[in-house]
Structure formats: C-alpha cells, structure tokens
Amino acid sequence: MTQTQSHTALLLIDFQNDYFPNGKWELENIQLAAESGAKLLSAFRELSMPIVHVRHEFKSADAPFFLPGSVGAEIHTSVAAQGNEAVVLKHSANSFKETNLKEMLDALKVENLIIAGAMSHMCIDAGVRAAADLGYNVTVAQDACATRSQEFNGVTVPAEQVHASFMAALAFAYARVEDTEVLLDEIK
C-alpha cells in the first residue's frame, strides 16, 4: 500500500528529551531518527496533513525516566508540536491504551498512519500493533525510529539488532516498514 495525502496522519511517538544526549535514558541514533522524523513533520505541515504527537509520562516520580512534569518528559524541540497540532499524553507503551488517540484519529477520518519515534522495541512496537489491530493501515518510518541495546539472559543485544528484529517482526504481519525518503516521495 502506498501512502497518499488523503486520510493519512503522522504519528510521532515519544521523541522526548530523556531519550536524547544528556537525558536519563539515551537511545542510540536518536538524533538521526529525530532528523528523519523532522523531515516527515515538515512535509506533513507543508501539505496541511494531520499530525499527532504522543508523549509518555510515568505516573510515579520514582520511574527511571519520563518523570511527571519533568523537562525529560517534554517533546524534544527538533520535533515539537506547533500551533494546533495534537499532543496525546499516555502512561503506558501502547499509545491507544487509556487515551483519546483513536477517537481523535477517527474524527479526522484517518485510515493510514505513518509512525515514527521511540523506542523501536517498546512504544513503537506496541503502538503499531495496536493501530493495526484497530484497523489502520500502518507504515513505520524505520529510520525515524530508535532504541538502545538490550540484555537478556546475560547476553547483550546491540541496538541495531534490537531495531532490526522488531522492524522485521512488524513487517511480517503488522505494518509496511519503509525509509523516510521513500515515504516523502509518496506523500508529495
């Protein structure tokens, strides 16, 4: 499926300060991912297409990052909301869980979502799967997503492999996974 301007929205998930250098939970390649996200954001703004920003705050002040009301929980300036762009606050990995995101998208008559953000293995994965389960046609801008290395059973899995594994799984059954430049060519 190719993306067209009609009925397509950009969903930017968790591009928040704590994931950037000097944040509490820095991700690998987050600045490159944000640059790609900013290109999509600019194109959507130029074409007056729907944009929704999602940001995560944990409910507890003893969380490792995204503390309630903190600078770290704010959206990074490189992809921050402007004007009347919607911002959805969530408290779990799934952007749709206990939020008004679905109602917002339905009111805009959105059928197609282009998703970018962080972390590839958590909130991107959860949001993409939920969106697909809700019937949206989902495309992930894979180079506009970032994660970090993970440890399991004493084995450290490098961030690049974590990202690739989750993109492969999403591409298998939940979404089209594509590079930002391809998507920019399609929506213009």
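The structure under discussion appears in the preceding block.
In short, a report on the structure. In this text the structure is predicted, and so the values were computed from the model without any measurement. (Residues numbered from 1 in each chain as written. Predicted model: local features only at pLDDT ≥ 70, side-chain atom pairs only at ≥ 80, totals over all residues. Heavy atoms only, no water.)

Thoughts on the state of the cysteines
In step 1: Using the criterion set out here, one finds zero disulfides in the structure.
In step 2: Here cysteine 123 stays free of any disulfide, with the sulfur of cysteine 145 as its closest cysteine sulfur at 11 Å. (Disulfide = S-S within 2.5 Å.)

Structural notes on the sheet that holds strand S3 (residues 86-90)
In step 1: On the basis of which strands lie adjacent, the open sheet formed by six strands has the order S3-S2-S1-S4-S5-S8 and parallel pairing. Where the open sheet ends on each side, the last strands, each with one partner, are S3 and strand S8 (176-178). The mean angle between the axes of side-by-side strands here comes to 25 degrees, regardless of whether they run parallel or antiparallel.
In step 2: Lying over the sheet, helix H1 (residues 30-46) contacts strand S1 (8-13), strand S2 (51-56), strand S4 (112-118) and strand S5 (137-146), oriented at roughly 135 degrees with respect to S5. (Pairing = 2+ DSSP bridges. Helix = DSSP H or I, 4+ residues; strand = E, 2+ residues; numbered from the N terminus. Axes fitted to C-alpha atoms, helices over the stretch in contact; angles between N-to-C directions. Contact = heavy atoms within 4.5 Å.)

Some thoughts on the layout of surface pockets
In step 1: Approximately 200 Å³ is the volume found for the largest pocket.
In step 2: Taken together, Glu28, Asn29, Leu32, Ala33, Gln142, Asp143, Cys145, Ala146, Thr147, Ala159, Glu160 and His163 make up the full set of residues lining the largest pocket.
In step 3: Counting residues per element, the lining of the largest pocket draws most heavily on S5, which supplies four residues.
In step 4: Broken down by class, the residue content of the lining of the largest pocket amounts to five nonpolar, four polar and three charged. (1 Å grid on protein atoms, 1.4 Å probe; cavity = no way out; pocket = protein on both sides within 12 Å on 5 of 7 lines; lining within 4 Å. Points joined across faces, edges and corners; volume = space filled by probe spheres on them. Nonpolar A, V, L, I, M, F, W, Y, C, P; charged D, E, K, R; others polar.)

Some words on the environment of serine 165
In step 1: Locating serine 165 in the fold gives a position in helix H4 (residues 159-173).
In step 2: Through-space distance from the C-alpha of serine 165 to that of histidine 121 is 8.5 Å; in sequence the pair is 44 residues apart.

Side note on the packing of helix H3 (residues 120-133) against H4
In step 1: Two elements in contact, H3 and H4, have axes whose closest approach is 10 Å; the angle formed by their N-to-C orientations is 10 degrees. What the angle tells us is that H3 and H4 run roughly parallel. Counting all contacts with H3, which are made through Ser120, His121, Ile124, Asp125, Val128 and Arg129, the residues of H4 involved are Val162, His163, Phe166, Met167, Ala169 and Leu170.
In step 2: A breakdown of the residues in the contact of H3 with H4 according to their chemical character gives seven nonpolar, three polar and two charged. (Parallel < 35°, antiparallel > 145°, perpendicular 65-115°, else oblique.)

Brief notes about the pairing of S4
In step 1: Summarising burial for S4: seven of the seven residues are buried, a large majority.
In step 2: Pairing between S1 and S4: six bridges, direction parallel. Paired with alanine 9 across the strands is leucine 113, a residue of S4.
In step 3: For the crossover from S4 across H3 to S5, the handedness is right-handed. (Buried < 20%, exposed > 50% of the residue type's maximum accessible area, 1.4 Å probe, protein only. Right-handed = clockwise from strand over helix to strand, strands pointing away.)

Here's the deal with helix H5 (residues 180-187)
In step 1: By the burial criterion, the buried members of H5 are Thr180, Leu183, Leu184 and Ile187. Viewed along the axis of H5, the buried residues span an arc of 100 degrees, placing them on a single side of the element.
In step 2: Where H5 is buried, its residues contact H1, S4, S5 and S8. (Arc of directions from axis to C-beta.)

Re the pattern of salt bridges
In step 1: In this structure the tally under the stated criterion is eight salt bridges.
In step 2: Lysine 39 is the salt-bridge partner of glutamate 181, the closest N and O atoms lying 3.3 Å from each other. Here the residue glutamate 181 occupies a position in helix H5, and lysine 39 occupies one in helix H1, the gap between them amounting to 142 residues.
In step 3: Among the residues examined, glutamate 181 registers a relative accessible area of 43% and is labelled partly exposed.
In step 4: In this structure lysine 39 comes out as partly exposed when scored by relative accessible area, which is 44%.
In step 5: The salt bridge partner of glutamate 178 is arginine 176, with a shortest N-O separation of 3.3 Å.
In step 6: On the basis of relative accessibility, which here comes to 22%, the residue glutamate 178 falls in the partly exposed class.
In step 7: By sharing partners, the salt bridges in this structure join Arg176, Glu178 and Glu186 into a single network. (Salt bridge = Lys/Arg side-chain N within 4 Å of Asp/Glu carboxyl O.)

A short note on the side chain of serine 120
In step 1: Among the secondary structure elements, serine 120 is positioned in helix H3.
In step 2: Residues in contact with serine 120, not counting those within four places in the same chain, are Asp125, Cys145, Ala146, Thr147, His163, Phe166 and Met167.

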